[in-house]
Amino acid sequence: MAFSPHILDDIKNRVSVSSVVGRRVKLQRRGREYVGLSPFKAEKTPSFTVNDDKQFYHCFATGKHGSIFDFLIETEGVSFPEAVERLASEAGVSLPAHDPQAAQKAERRRGLSDWMALAGQWFEQQLRTRQGTEASDYLRRRTVQDELCQRFGVGYAPKERTGLRNFLTQKGATEQDLLAAGLIIKPDDGGPAYDRFRDRIMFPIHDARGRVIAFGGRALDPNAPAKYLNSPETELFHKGDNLYNFHRARQSAFDTNQLLVVEGYMDVIGLARVGLTAAVAPLGTAITEQQIALLWRLTAEPILCLDGDEAGLRAAYRAIDRCLPILKPGFSLRFALLPRGKDPDDLARDEGLDGVQRVIEKAMSLVDLLWEREKERVALDTPERLADFKQRLRQLISQIRDRDVRELYGQDIKRRLDALFEPSKPRGQTYDRRQAPRAKARMETKRSTTASAASGLSARPMLLLAGVLAHPKLLERHYDSFERLDMPEGHLAAVHAAILDAASMHDGLDRSALKGHLNKLAMDRDLAQIEAMAKAHGLAFTHPEAEFDTAEAAWLEVAELHYKLVTLEREKSEAMNDLAADGQADKFDRLVAITQQQLSDL
């Protein structure tokens, strides 16, 4: 829903930022502002400020900045409409009515939600009756005591076919209401409707605002067709868009900056029993993109705690494939693999909080588990299998939509491939370890700078390409440095990309093989132009016969100069534009950092 600026301003004028922030942060008055410890990062010296006159907060520790709406979104994981509606209610501001059709739909949803809440209360009552004795005994054997049952609203659906239906219809519900809520089933043969859930332990499922929207039921009869049964898709409930216990876990996740994702209801409750209250569970399906987005509302790297069996590993692999395309800077998944044969509830019961924490501390990053998965799928004992392995990894990485994350994944995988194929080969050596050729390198840099000024902006990029064409070994030692080079749009960028592609597909390229690859792409004219430029300037590092150590040191000096004069200049321009747009402190700090980097060692 869209809210007019007038409505938002009215709310902000009636509710001060300090009153909202003060519920979570101890604030002290300093002049016209308030200060306190950052709610986003552990610190000992206050760096968090609130200005009621300007209606914003600013955190110098993290750069976070915003209004009262932003604060609720950042600290409680609510959506923007939820934040507006909550603060409007607090401020006494009436929000505009939706269009008649939307208002009618909202009213219908509220009615269904009321019946779901009443059903939840009825299930809880049944757990405490004689009919619920078997269910209560089962929960006690699983060490789920009364306090936990009450906290999570655990209940029991009796065996009788129409117990819930009769109760709710006596309260005024229609059969159509109960069908729409997914609480009863109407047989195809036209017979009377009956309760969907029977002889099951019941777990209410809530939306982000804490309203009951569905139920999950665990069968007590071991011969029941389905051990777990969830509500069907309804107007209230779309299982791929919700997470069990999300509304309870939200605050704890913000407080601890940790969120655990487990398989089922009992796992969530079992972790709560040992004090880990920031836990959620998907609802009987593989995790979806929408659920990952919900997780990221609470923490940047939620941890999937998966059962220690083949099914758990398959679930982890499915989560990788679902998450890869939507990875973005700062946001990912981690994976904690439990001991074989144990789920989180077992682990919490057998080993307590310490045992669970030990597993969490060993959580793997997404890229680590991706690498292990692909490496284990086939023996890497022939060139063809190795080539297939590399190709699979490239295809997987290509699915990442965010350019920066995709590029960095490519660099990480390239380093792993280098170590796997040639573990004894030294990596990451830089010219700083080669003091002998450094003086010559600086002379090459000075000559390259002069040549660039005399021949236009394209000279230095062409000379750097010429250096790699003359000494392909540079790609093996300094692939990352070559990859980060900014190239002018057009034929130089195409050659740069083609060389990177060749290096990723073939280890140990020599000059002939590299040029052959480019010629196959009809880049012979580009090669001739690059070689002519190199010959005209006569720089040693572009000569194939030059000693490699000297050529390497000189090429690195020129590459670093190009990075400072071109890449950092572009980033500086972007930082200046960002600073002009909003003037935030983090934008200024970034501009200063870039400028200092440009000036270093020049």
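Residues numbered from 1 in each chain as written. Predicted model: local features only at pLDDT ≥ 70, side-chain atom pairs only at ≥ 80, totals over all residues. Heavy atoms only, no water.

Visitor: Before we go on, may I ask you to explain the overall build of the protein in this structure?
Guide: A count of helices and strands for the protein gives 25 helices and 16 strands. The buried share of the protein, taken over its 602 residues, is 47%. Contacts spanning at least 24 positions in sequence make up 66% of the contacts within the protein whose residues lie at least 6 apart. When the accessible area of the protein is evaluated, it comes to approximately 29600 Å², of which 50% is carbon and sulfur surface. (Helix = DSSP H or I, 4+ residues; strand = E, 2+ residues; numbered from the N terminus. Buried < 20%, exposed > 50% of the residue type's maximum accessible area, 1.4 Å probe, protein only. Contact = heavy atoms within 4.5 Å. Areas by Shrake-Rupley, 256 points an atom, 1.4 Å probe, with all protein chains shown as cover.)

Visitor: Explanation requested: the packing of aromatic side chains in the structure shown.
Guide: Geometry of an aromatic ring pair is reported as the spacing of the ring centres plus the angle between the planes. Enumeration over the complete set of coordinates arrives at 17 aromatic pairs. Seen from their ring centres, tyrosine 228 and tyrosine 265 are 5.9 Å apart, and the 50° between their planes marks the pair as tilted. Highlighted residues: tyrosine 228 in strand 11 (residues 228–230) and tyrosine 265 in helix 11 (residues 265–273), separated in sequence by 37 residues. Judged by its relative accessible area of 35%, tyrosine 228 is partly exposed. Here tyrosine 265 falls in the buried class, since its relative accessible area comes to 5%. On the basis of an interplanar angle of 85° and a centroid distance of 4.8 Å, the ring pair of tyrosine 244 and tyrosine 265 is categorised as edge-to-face. In this pair, tyrosine 244 is assigned in the loop between strand 11 and helix 10 (246–256) and tyrosine 265 in helix 11, connecting sequence segments 21 residues apart. Taken individually, tyrosine 244 and tyrosine 265 each receive the classification buried, so the pair is uniform in this respect. Among the aromatic residues, ring-to-ring pairing joins Trp122, Phe123, Phe167, Phe197 and Phe215 into one connected group. (Phe/Tyr/Trp six-rings, centres within 6.5 Å; stacked < 30°, edge-to-face > 60°.)

Visitor: Got a minute to help me understand the sheet that holds strand 13 (residues 279–280) in this structure?
Guide: For sheets, the rule is that strands pair by backbone hydrogen bonds, running either parallel or antiparallel. In spatial order, the strands read 13-12-14-15-16; together these five strands make up an open sheet with mixed pairing. The open sheet is flanked by strand 13 and strand 16 (364–365), the only strands paired with a single partner. Note that strand 15 (residues 334–340) and strand 16 share two bridges and pair antiparallel. In the sheet register, arginine 334 faces strand 16, and the bridge partner there is serine 365. Across the face of the sheet, helix 13 (residues 310–323) comes into contact with strand 14 (303–308) and strand 15 while running at roughly 150° to strand 14. (Pairing = 2+ DSSP bridges. Axes fitted to C-alpha atoms, helices over the stretch in contact; angles between N-to-C directions.)

Visitor: Just checking my understanding: could you explain helix 3 (residues 68–76) for this structure?
Guide: Given 3.6 residues per turn, any residue in an α-helix points the same way as the ones three and four places further on. Of all the positions in helix 3, only Ile68, Phe69, Phe71, Leu72, Thr75 and Glu76 are classed as buried. The buried residues of helix 3 occupy an angular sector of 160° when projected down its axis, which confines them to one face. Two residues or fewer after helix 3 comes glycine 77, characterised by a positive phi angle close to 70°. (Arc of directions from axis to C-beta.)

Visitor: It is not clear to me how the pattern of salt bridges should be interpreted in this structure. Could you clarify?
Guide: Close approach of charged atoms allows side chains of opposite charge to pair. By the definition in use, this model includes 31 salt bridges. Arginine 349 is paired through a salt bridge with aspartate 345; the nearest N and O atoms lie 3.1 Å apart. Of this pair, arginine 349 and aspartate 345 both sit in helix 14 (residues 344–361), four residues apart, which is roughly one turn of that helix. One salt bridge connects arginine 416 with aspartate 368, and the closest N-O pair in it is separated by 2.6 Å. With arginine 416 in helix 17 (residues 403–421) and aspartate 368 in helix 15 (residues 366–376), this residue pair connects regions lying 48 residues apart in the sequence. (Salt bridge = Lys/Arg side-chain N within 4 Å of Asp/Glu carboxyl O.)

Visitor: It is not clear to me how empty space enclosed by the protein should be interpreted in this structure. Could you clarify?
Guide: Rolled over the atoms, a probe sized like a water molecule indicates the empty space that remains. Overall, the coordinates contain two cavities of 30 Å³ or more when judged by the stated rule. Considering only enclosed or pocket space, the second largest cavity measures out at about 50 Å³ in volume. Taken together, Leu271, Cys305, Leu338, Pro344, Leu347, Val356, Val359 and Ile360 form the lining of the second largest cavity. Looking at the lining of the second largest cavity, the element that brings in the most residues is helix 14, giving five residues. Here the residues of the lining of the second largest cavity sort into eight nonpolar, no polar and no charged. (1 Å grid on protein atoms, 1.4 Å probe; cavity = no way out; pocket = protein on both sides within 12 Å on 5 of 7 lines; lining within 4 Å. Points joined across faces, edges and corners; volume = space filled by probe spheres on them. Nonpolar A, V, L, I, M, F, W, Y, C, P; charged D, E, K, R; others polar.)

Visitor: What is the right way to look at the nonpolar core in this model?
Guide: Within soluble globular proteins, side chains that are nonpolar tend to cluster in buried spots. In terms of nonpolar packing, the biggest core is built from 61 residues, with Leu183, Phe215 and Tyr244 touching the most fellow members. Excluding residues that lie within four positions of it along the chain, tyrosine 244 makes contacts with Phe152, Phe203, Pro204, Ile205, Tyr265, Val268, Ile269, Ala279, Val280, Ala281 and Leu283. In terms of nonpolar packing, the next biggest core, distinct from the first, is built from 42 residues, Ile287, Leu295, Trp371 and Leu393 among them. (Core = buried A, V, L, I, M, F, W, Y, C linked by side-chain atoms within 4.5 Å.)

Visitor: Got a minute to help me understand unusual backbone geometry in this structure?
Guide: Of note in the backbone geometry, glutamine 55 takes a positive phi value of approximately 60° without being a glycine. Its place among the elements puts glutamine 55 in the loop between strand 3 (48–51) and strand 4 (56–59). Its identity is not glycine, yet asparagine 257 carries a phi of approximately 55°, on the positive side. As for its placement among the helices and strands, asparagine 257 is situated in the loop between helix 10 and strand 12 (260–261). In this structure asparagine 257 comes out as exposed when scored by relative accessible area, which is 56%.

Visitor: Sorry if this is basic, but what is going on with the packing of helix 11 against helix 14 here?
Guide: How two helices pack is summed up by the angle between their axes together with the distance between the axes. The contact between helix 11 and helix 14 brings their axes to 9 Å, and the two run at 30°. With respect to helix 14, the axis of helix 11 lies roughly parallel. Crossing handedness for the pair helix 11 and helix 14: right-handed. Judged by residue contacts, Met266, Asp267, Gly270, Leu271 and Arg273 of helix 11 engage Pro344, Asp345, Ala348, Arg349 and Val356 from helix 14. Here the residues of the contact of helix 11 with helix 14 sort into five nonpolar, one polar and four charged. (Parallel < 35°, antiparallel > 145°, perpendicular 65-115°, else oblique. Left-handed = near helix turned anticlockwise from the far one by under 90°.)

Visitor: Sorry if this is basic, but what is going on with the sheet that holds strand 3 here?
Guide: Here five strands make up an open sheet; going across it, the order is 1-2-3-4-5 and the pairing antiparallel. The open sheet has two edge strands, strand 1 (28–30) and strand 5 (65–66), and neither has a second partner. Direction of pairing for strand 2 (residues 33–36) relative to strand 3: antiparallel, over a ladder of three bridges. Bridge pairing in strand 3 links glycine 36 to phenylalanine 48.

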